[in-house]
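Residues per chain are reported as follows:
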Amino acid sequence: MILDMGWSGDQYLHSTPIHLSLIGEKIWIQCDDTEEGVATDLLQAGVPKEDIVLGFRHPKVRQYTGFAVLP
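This text gives an overview of the structure that appears in the document. Given the structure is predicted, the values throughout are model-derived calculations rather than measurements.

## Overview of the sheet that holds strand β5 (residues 52-54)
- Here three strands make up an open sheet; going across it, the order is β3-β4-β5 and the pairing mixed. The sheet terminates laterally at β3 (18-23) and β5, the two strands that pair on one side only. Averaged over all pairs of adjacent strands, the angle between their axes in this sheet comes to 25°, without regard to strand direction.
- Here β3 runs beside strand β4 (residues 26-32); their pairing, made up of six bridges, is antiparallel. Following the sheet pairing, Ser-21 is matched in β4 by Trp-28.

## Section: the side chain of Asp-32
- Within the secondary structure, Asp-32 sits in strand β4.
- No salt bridge forms around the buried Asp-32; measuring N to O, its nearest opposite-charge neighbour Arg-57 is 8.6 Å away.
- A distance of 2.6 Å separates the side chain of Asp-32 from the side chain of Thr-34, its partner in a polar contact.
- Of note is the side chain of Asp-32, whose polar atom sits 2.6 Å from the backbone nitrogen of Val-38.

## Some thoughts on the nonpolar core
- Core analysis: the largest hydrophobic core is formed by nine residues, namely Ile-27, Ile-29, Val-38, Ala-39, Leu-42, Val-47, Ile-52, Leu-54 and Phe-67.
- Of all the elements in the fold, those that place two or more residues in this core are β4, α1 (38-44) and β5.
- Excluding residues that lie within four positions of it along the chain, Ile-29 makes contacts with His-19, Leu-20, Val-38, Ala-39, Leu-42, Ile-52, Val-53, Leu-54, Gly-55 and Phe-56.

Procedures and definitions
- Residues numbered from 1 in each chain as written.
- Predicted model: local features only at pLDDT ≥ 70, side-chain atom pairs only at ≥ 80, totals over all residues.
- Heavy atoms only, no water.
- Pairing = 2+ DSSP bridges.
- Helix = DSSP H or I, 4+ residues; strand = E, 2+ residues; numbered from the N terminus.
- Axes fitted to C-alpha atoms, helices over the stretch in contact; angles between N-to-C directions.
- Buried < 20%, exposed > 50% of the residue type's maximum accessible area, 1.4 Å probe, protein only.
- Lys, Arg positive; Asp, Glu negative; His and termini not counted.
- Salt bridge = Lys/Arg side-chain N within 4 Å of Asp/Glu carboxyl O.
- Polar contact = N/O pair within 3.5 Å; in protein donor to acceptor, adjacent residues only side chain to side chain.
- Core = buried A, V, L, I, M, F, W, Y, C linked by side-chain atoms within 4.5 Å.
- Contact = heavy atoms within 4.5 Å.

Shown next, in the form of structure tokens:
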């Protein structure tokens, strides 16, 4: 996993491999560029699948993921 942070010439770089949002009572995974997947870590920590939304998946595809389905 690479974290880009710092200066490149006159431009400041900052990008992270994981972006989570708490929306309502759900954990939305907006971006996940990790090898194992942050959803796996959340499940192992005891978070139910119904409380995790794969926001990076198109809403039409989410119904097939086994995780929460929200618009």
